[in-house]
Amino acid sequence: LNTQKLVFVVDDDPSILRSAQRLLKAKGFQTQVFVSAEDFEQNATISYGMCLILDVYLSGKSGIESGRELAMSQVPLPVIFITGDDNEATHSEACSVGCVAFLMKPFTAKSLLDAIEKANLHR
Amino acid sequence: MTIAHPGLRAFLAFLIASLGPGALLAADRLPRSILVLNESAMVGPFYSGAYQALRSKLNATSPISIFLEQLELERFGGERYEKILKTYLESKYGDQPLGVIVAFGSAALDFVLRHRIAMWSGVPIVFVMVDETYLQRLSIPSNVTGRTARVKFRDLLSAANFVVPNLEQIAIVGDRWEIQTAFRHFKDEIPVVVTGLEIIDLIGMPMRELRKRVSVLPERTAIVYTSIFSDGEGTSYPPVDALGFVAQAANRPIVVAAETFVGLGGIGGYVLTPAPVGEEAADLVLRILNGESASAIPIAEGNVVRPIFDWRQMQQWGVSPSRLPPGSEIRFREPTAWERYRWQITTTAAVIVLQTALITGLVYERRRRRNAEVETRQRMSELAHMNRYATAGELSSSIAHELNQPLGAILSNAETAELLLNSPSANLEELKEILADIRRDDQRANEVILRLRRLLKKAAVDFRNVDLNDTVREVLEFLEAHATEHDITLVKDLEPHGPRVKGDRIQLQQVIVNLVVNGMEAIGDSQQERQVTIRTHFVDGAWVELSVADTGAGIPLDKIDHVFDPFFTTKEHGMGMGLSIARTIVGAHSGRIWVENQVGGGAKFRVKLPSTTASQDGSIAH
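Residues numbered from 1 in each chain as written. Chains lettered and ligands numbered in written order. Predicted model: local features only at pLDDT ≥ 70, side-chain atom pairs only at ≥ 80, totals over all residues. Heavy atoms only, no water.

Undergrad: Any chance you could explain the sheet that holds strand E19 (residues 592–597) of chain B here in plain terms?
TA: Paired through backbone hydrogen bonds, the strands of a sheet run either parallel or antiparallel to each other. Residues and elements named next belong to chain B. Taken in spatial order, the five strands of this open sheet run E15-E17-E18-E20-E19, and their pairing is mixed. Since the sheet does not close on itself, it has two edges, and those belong to strand E15 (489–493) and E19, each with one partner. If you compare each strand with its neighbour and ignore which way they point, the axes differ by 15° on average. The pairing of E15 with strand E17 (residues 531–539) spans five bridges and is classified as parallel. Paired with Asp493 across the two strands is Arg535, which belongs to E17. Sheet contacts for helix H16 (residues 468–485): E15, E17 and strand E18 (543–550); angle to E15, the most-contacted strand, approximately 170°. (Pairing = 2+ DSSP bridges. Helix = DSSP H or I, 4+ residues; strand = E, 2+ residues; numbered from the N terminus. Axes fitted to C-alpha atoms, helices over the stretch in contact; angles between N-to-C directions. Contact = heavy atoms within 4.5 Å.)

Here it is, written out as structure tokens:
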């Protein structure tokens, strides 16, 4: 497993997961996808990952909360927030947690790849 | 002064008697008894009318003895008769003290003046019904006064002109002038007064012939009736009867000169009226009895002629009331329906008018209310529409989220497909999958738009049989994203036998949206249990209940009565219209909405609507 290229994606929308996974795969990334924060926390080997693409609104534990916990954890992982909500408050809340990028759905492939690039530098 | 002692009274009576009947008492002591000498017989209504008026006027003050003698001078004449009459009166009234002698008519006055009966030499005389011209020929001694009767042929002529337009002839009917009493003077007056008219002189003609003549009179002729006392063939009768015989045959209207002739065949005219004659006589008698000297009362013209006409005769001869002289009295007018039933007609008309007014009022009120209802419904509909917009606004971030999800997936898929196509080893299978996904996500986005459009659609109110469960499901689908965003679980607990109600689907949806959104907002950030439960179930068979329960803090007791009031809100940005609109809509659906706090916490809104579901026993519950 090429940890240099492993990207985690957490979104409760299967469509988003599938499309993101396809895109990243086409660009040569390894991906692991999860439908909830809880699923990710239990099943992901965080230390292998290059970055985390995390949806803000999730059923169950929210993306923001999960990101916050991750930021304070032993093994920090760069987070790229994605959201379908154009809410200003959400944006600022996400930024306060600390993130590499905050992407509004729908986002272009380039903006996502730029964000991953940036995350890789952060690492 | 009252004389109490019986002896003294007897003495005084003796004293007065011994003075003799001729001895005149002092003027202020005239005996309160009078003698009426009537020139004619009392059988005719004229004299009897005058006499009755005299009597009632005299007796109206204090009792006066009235003696009456009918001289019948028009029937019996001559020196011998008068002599007998004089003797008769002398012996009859020799011992009778009299205050005043009243002479009715010229002949009576003539008689009493010519035969100055000794015993009456000092008794004042009052006359009425004496013709003016006749009076001028007499020398009136002192102690005599009276009122002349002013029946002038000129008046009869004038009446004839009123009755017959373009009058050309007048036919004069009556007994020989010599035996006439009240109208004797016409003989001299006629040649003076009548000019430019042809006179058809029928005076003194026997009744049989007269009746033939009056039946063939030329046009533009008026008949003037004076008086007839006999048929000229030996039968005598009162003049009113004679008038009747003439009138039966006449082909032209008959102008008369006495009130009593009106209504018996005469059309009317300026007529002598008996009542004022009697009243004027009574006035003079009372003045004299009260001390006035008869000599001191000047002889004057009596006011006893009135224009009076017979309506029936007017109809017969085509005389319109407008042609009559002003101030005319019309007798025997058939009362019109209006005159006869004035009260009944007035009352009926009033009732009809009132009823009409009432009906008009009610119809107007009904229309007004209907308009108001329509307007209210329209306002409600507009407000409800605004409320839906507001709801959509509140939900806009969820809606955006719902749209952005598929759009995001589509964009990523499209760009991936581009990448794959540019690579040398394009995997066709994968491309097919991508396109299928794009299509599915596009469909998803479209559904969101459709839902939104349905919510915001400004549709006319459309009452149908609606499945309440379907309505709930549609709403929850719409609100699911919003609930997720706020980490709230929406729980459905729906009646298995799809409850149906009659209503407008969009409005019912709106009620549910408002209640669920309200429930979600009631759950604050701090609440551990985050759940809104939507339940439908039957109540008593006839009703469907929809309840929305939240796990919030419940409603404070002081506010529970106001939650449905318009503009009542506890939210910072709320309009306070949601629950108010919900209540209005429920009301329009003949339902009821109320709220209660649950035992375990949180509020529960309950809506009861009439069920249209076929109930289990097969009948339709309402």
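Undergrad: Please explain the pattern of salt bridges as it appears in this structure.
TA: When the charged atoms of two side chains lie near each other, side chains of opposite charge can form a pair. For the structure on display, the rule yields 31 salt bridges over all chains. Taking the shortest distance from any N to any O, the salt bridge between B:Arg176 and B:Glu178 comes out at 3.6 Å. Each of the salt bridges in this network shares a partner with another, and the network as a whole consists of A:Arg18, A:Arg22, B:Glu433, B:Asp437 and B:Arg440. (Salt bridge = Lys/Arg side-chain N within 4 Å of Asp/Glu carboxyl O.)

Undergrad: What should I look at first to understand the sheet that holds strand E1 (residues 33–38) of chain B in this one?
TA: Residue and element names in this part refer to chain B. Pairing is parallel across the open sheet formed by six strands, whose spatial order is E2-E1-E3-E4-E5-E11. Of all the strands in the sheet, just strand E2 (65–70) and strand E11 (300–301) have a single pairing partner and so form its edges. Pairing analysis gives five bridges linking strand E4 (residues 125–131) to strand E5 (residues 144–149), with the strands arranged parallel. The partner of Val126 across the bridge, within E5, is Thr145. Lying over the sheet, helix H4 (residues 106–114) contacts E1, strand E3 (100–104), E4 and E5, oriented at roughly 135° with respect to E4.

Undergrad: Please explain helix H10 (residues 274–289) of chain B as it appears in this structure.
TA: Every α-helix carries 3.6 residues per turn, so stepping three or four residues along brings you back to the same face. Residue and element names in this part refer to chain B. Over its 16 residues, H10 extends 23 Å from the first C-alpha to the last, a length consistent with the 22 Å expected when each residue adds 1.5 Å. Of all 16 residues making up H10, 12 are buried, and the element is well covered by its neighbours. Looking only at H10, the buried set comprises Pro274, Pro276, Val277, Gly278, Glu280, Ala281, Ala282, Leu284, Val285, Leu286, Ile288 and Leu289. Once H10 ends, the next one or two residues include Gly291, with phi positive near 115°. (Expected span 1.5 Å × (residues − 1). Buried < 20%, exposed > 50% of the residue type's maximum accessible area, 1.4 Å probe, protein only.)

Undergrad: Which parts of the structure should I look at to understand empty space enclosed by the protein?
TA: Rolled over the atoms, a probe as big as a water molecule pinpoints where empty space is left. All names here are of chain B. Evaluation of the coordinates by the stated rule reveals five cavities of 30 Å³ or more. Within this model, the largest cavity holds a volume of roughly 100 Å³. Taken together, Arg451, Arg454, Leu455, Glu474, Val475, Phe478, Gln509 and Val513 make up the full set of residues lining the largest cavity. For the lining of the largest cavity, the secondary-structure elements that each account for two or more residues are helix H15 (428–456), H16 and helix H17 (505–522). Of the residues contributing to the lining of the largest cavity, the split by class is four nonpolar, one polar and three charged. (1 Å grid on protein atoms, 1.4 Å probe; cavity = no way out; pocket = protein on both sides within 12 Å on 5 of 7 lines; lining within 4 Å. Points joined across faces, edges and corners; volume = space filled by probe spheres on them. Nonpolar A, V, L, I, M, F, W, Y, C, P; charged D, E, K, R; others polar.)

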